[in-house]
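The residues making up each chain are set out below.
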Amino acid sequence: MTWLITGGAGYIGAHVARAMAEAGERVVALDDLSAGVPTRLPSDIPLVHGSAGDDDLLKRVLAEHAVTGVVHLAARKQVAESVAQPTRYYQENLGGLATLLEAVAGAGVGRFLFSSSAAVYGNPDVDLITEDTVCAPVNPYGETKLAGEWLVRAAGRAHGIATTCLRYFNVAGAAAPELADTGVFNIVPMVFDRLTRDEAPRIFGDDYPTPDGTCVRDYIHVADLAEAHLAAARRLSAPEASGDLTVNIGRGEGVSVRELVTLIGEVTGDSRPAVVEPRRPGDAPRAVASAARAADELGWTARRGTREMVESAWQGWQLHRGR
Ligand SMILES: NC(=O)c1ccc[n+]([C@@H]2O[C@H](COP(=O)([O-])OP(=O)(O)OC[C@H]3O[C@@H](n4cnc5c(N)ncnc54)[C@H](O)[C@@H]3O)[C@@H](O)[C@H]2O)c1
């Protein structure tokens, strides 16, 4: 198999490309570099610069590299931006996906793995979110991921493509400092950013119905996530692979915002008390994955804990801040 990895120079995409290449898979990355960093990829992984929604480019890349499977990570991913620019999100995340799936079907590519998100669930009031929990996204980003899954499955059925949708929970950490997330959109870099600016971390709401009153989330190390992609790709590579599979990718363990902020204080050596601010609209009290299907279907379970995520993310933050 040769796998095309869209968004391959991105935070998660580069981890996936490296993990798959190191495991002996042939990979080629495609990235428009709107958020990607080419140096995240080693020189033996070819990087095509261009859009995953460019029909002519896709036809050429799929043919030239004799691609047999696609891992589609390229997307816009900022919730607040999606609320402000919904048409852009639908156009880029869904329009681009439709173009990609047409090219994939036209080239006879039979395997497709889609980056979905826990954002498809919205705010369900359950202890553990299973893949059968009702999907009710609460922002346009989550809507594009849910509609993207529908599109992937429909195209798979129509064109005989075996498909897998991976619903990632809260991704953190780095396999190496140079691969770290450079954006400040998730809680770990947001707290680092506050500390770096000599400000106290912020906690939004401490009166939720949770053990310590702060929101509970399921954090997954990006290196574990990359291994989940490898497992899913291997499953899709089987000659008899067909149909569709949708899987949560999380640890199945809840960590509260206060616990995470305390851990960040320990790792960074800056344990100044957090300030509590009002709840943010749309934050669910608890969002924790059931990791059972991933174990059953992919033979994969997360191995790395929260401390490893925070320590590796901190090393990456210091490297990038140093620059
Ligand atoms: N980071 C998370 O916590 C998280 C959680 C759930 C799902 N996801 C999904 O995982 C995927 C990767 O996220 P990430 O955190 O690595 O983000 P990222 O922004 O680092 O990576 C996305 C990559 O795609 C590229 N890209 C964007 N639009 C493109 C296009 N039209 N054509 C080609 N390349 C394009 C960007 O340059 C970037 O390199 C996304 O689909 C995202 O929605 C991320």
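Conventions adopted
- Residues numbered from 1 in each chain as written.
- Predicted model: local features only at pLDDT ≥ 70, side-chain atom pairs only at ≥ 80, totals over all residues.
- UniProt positions renumbered as here; feature names shortened; annotations may be inferred.
- Domains from an automatic or database assignment.
- Helix = DSSP H or I, 4+ residues; strand = E, 2+ residues; numbered from the N terminus.
- Nonpolar A, V, L, I, M, F, W, Y, C, P; charged D, E, K, R; others polar.
- Near = placed C-beta within 6 Å.
- Pairing = 2+ DSSP bridges.

As recorded in an unreviewed UniProt entry, the protein chain goes by the name UDP-glucose 4-epimerase, listed as coming from Streptomyces adustus. For the record of the protein chain, the UniProt heading Cofactor (unreviewed entry) holds the text "NAD(+)". Its UniProt record gives the protein chain the following Pathway (unreviewed entry) comment, quoted word for word: "Carbohydrate metabolism; galactose metabolism."

Engineer: Which residues make up the domain arrangement of the protein chain, and what values do they have?
Structural biologist: Many structure descriptions define interface size as the accessible area lost when the parts assemble. Entries for the protein chain in the domain assignment read domain 1 (2-171 + 219-249) and domain 2 (173-218 + 251-321). A C-alpha centroid distance of 23 Å is found between domain 1 and domain 2. Counting residues per element, the side of domain 1 that touches domain 2 draws most heavily on helix α7 (residues 222-237), which supplies eight residues. Of the residues belonging to the side of domain 1 that touches domain 2, the class tally is 17 nonpolar, eight polar and five charged.

Engineer: Quick rundown of the site of the ligand? Include the residues and the values.
Structural biologist: What surrounds the ligand is a group of 29 residues, the closest being G7, G10, I12, G36 and A75. Secondary structure elements with two or more residues in the shell around the ligand: α1 (11-22), β2 (26-31), α4 (86-106), β5 (111-117) and β7 (170-172). Across the shell around the ligand, the residue classes tally to twelve nonpolar, 13 polar and four charged.

Engineer: Account for the sheet that holds strand β14 (residues 286-287), naming residues and giving values.
Structural biologist: Strand pairing in a sheet is mediated by backbone hydrogen bonds. Such pairs are either parallel or antiparallel. The mixed open sheet is built from three strands, whose spatial order is β12-β9-β14. Two strands bound the open sheet, and with one partner strand each, they are β12 (255-256) and β14. Pairing of strand β9 (residues 216-217) with β12, which is carried by two bridges, proceeds in the antiparallel orientation. The residue bridging V216 from the neighbouring strand is S256, located in β12.

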